[in-house]
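Read off the chains here:
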Amino acid sequence: MTSVRAFMDRHFRHFNARESLDAARAYGNHLEAGGTMMVSLAGAMSTGELGIILSRMIREEKVHAISCTGANLEEDLFNLLAHDEYELIRDWRALSAEDEEDLYRRGMNRVTDTCIPEDVMRHVERRLLDLWAGAAADGRRKLPFEFMHELLNDPTLQEHVQIDPRDSWLVAAKEAGIPVYVPGWEDSTLGNMFSANVRLGNLPHHQCVKTGTEQFEHLMEWYLENNGEGEGRPSVGFFQIGGGIAGDFAICVVPSILQDLGQETPFWGYFCQITDAEVSYGGYSGAVPNEKITWGKLEARTPKFLVKSDATIVAPLIFAYVLGD
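Model, not experiment: these values are computed from the prediction. (Residues numbered from 1 in each chain as written. Predicted model: local features only at pLDDT ≥ 70, side-chain atom pairs only at ≥ 80, totals over all residues. Heavy atoms only, no water.)

Chemist: Which parts of the structure should I look at to understand the pattern of salt bridges?
Modeler: Any two side chains of opposite charge can pair, given that their charged atoms come close. Counted according to the given criterion, the structure contains 19 salt bridges. Salt-bridge contacts for Glu19 lead to Arg18; the nearest nitrogen and oxygen are separated by 2.7 Å. One salt bridge connects Glu100 with Arg110, and the closest N-O pair in it is separated by 2.6 Å. Separated by ten residues along the polypeptide, Glu100 in helix H5 (residues 97-105) and Arg110 in strand E4 (residues 108-111) bring together distant segments of the chain. Look at Glu100 and you get partly exposed, because its relative accessible area is 26%. With a relative accessible area of 31%, Arg110 lands in the partly exposed category. The network of salt bridges with common partners includes Arg18, Glu19 and Asp22. (Salt bridge = Lys/Arg side-chain N within 4 Å of Asp/Glu carboxyl O. Helix = DSSP H or I, 4+ residues; strand = E, 2+ residues; numbered from the N terminus. Buried < 20%, exposed > 50% of the residue type's maximum accessible area, 1.4 Å probe, protein only.)

Take a look at the structure:
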């Protein structure tokens, strides 16, 4: 085989492999027809360095908006600034409770096989604290990702960069000018630090960072501008990695426009989810795509794909196929 695409076309014939191939082909068809794509990131995709290929997808205009957890937002930046200080633990399943305590004492925060150093978190906190305080003093309010973009624009940050910036999806998103929605941002290291700094009196209030409901209104405006209605294009596609708030926040924009605004808009025009979650008692992450029809998110004819697998394996393959690798 001479390429990823040729390999998948030849070998991905059944089960999850066939579903992945179908999803990749449909993704490409959606873009070729003029559609746009939202990608949601749950789990630890940034620490898993999905940014290496996701950044290419953004730069080649195959991703047009991101919805992610606060952890994925910040961990792409942490990796950009401290990649060489990370520790990889290959036999992480064998760690004892005492081993974990030793990692804690050394300030190494473990995400499966990868440990993120506390130092980079405090480094970013110091820089963001200046930006938050400046915004609060001037009465300016920004979305969480806009503060990250402002930080990336700081020329003094460049000396700390430890990877090729082209491998950072956050850098790519800034350069491409695409929105990054971060529902539940407070459930993240930097969100926790922000709250602590308000409590400590280092920030006068919480209002310099826009709320989740303000992010949702911004998403409404973005969807209405990009849904292809009246232009003969497909509606926006939705590529969901994992589940949780990153996925549900963004996908709910369609039923909210239809039911809460009382305004007509197309349903999502494509849907694919990669997850290892199982259908369970009320769980969202493992729910099958057809359940979303009942909530007004998808319609019966929407191309729908569900790949039950490890996203760190499958997502790069699908993206590589779409990129023509």
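Still more ground to cover, so stick around.
Chemist: Is there a simple way to think about the sheet that holds strand E5 (residues 114-117) in this case?
Modeler: Each strand in a sheet pairs with its neighbour through backbone hydrogen bonds, running either in the same direction (parallel) or in the opposite one (antiparallel). Judged by pairing direction, the sheet is antiparallel, and its three strands sit side by side in the order E3-E5-E4 without closing on themselves. At either margin of the open sheet sits one strand with a lone partner, and together these are strand E3 (87-88) and E4. With two bridges connecting them, E3 and E5 associate as antiparallel partners. Paired with Leu88 across the strands is Thr114, a residue of E5. Taken strand by strand, H5 contacts E3, E4 and E5, and its axis lies near 130° from that of E4. (Pairing = 2+ DSSP bridges. Contact = heavy atoms within 4.5 Å. Axes fitted to C-alpha atoms, helices over the stretch in contact; angles between N-to-C directions.)

Chemist: Whenever I open this one, the sheet that holds strand E7 (residues 237-241) confuses me. Can you help?
Modeler: Here six strands make up an open sheet; going across it, the order is E6-E2-E1-E7-E8-E9 and the pairing parallel. One side of each edge strand has no neighbouring strand; the edge strands of this open sheet are strand E6 (180-181) and strand E9 (304-308). Across five bridges, strand E1 (residues 37-41) lies against E7 in parallel orientation. From the neighbouring strand, Val39 faces E7, where its bridge partner is Phe239. The strands touched by helix H2 (residues 15-32) within the sheet are E1, E7, strand E8 (270-275) and E9, with E9 carrying the most contacts at an inclination of about 140°.

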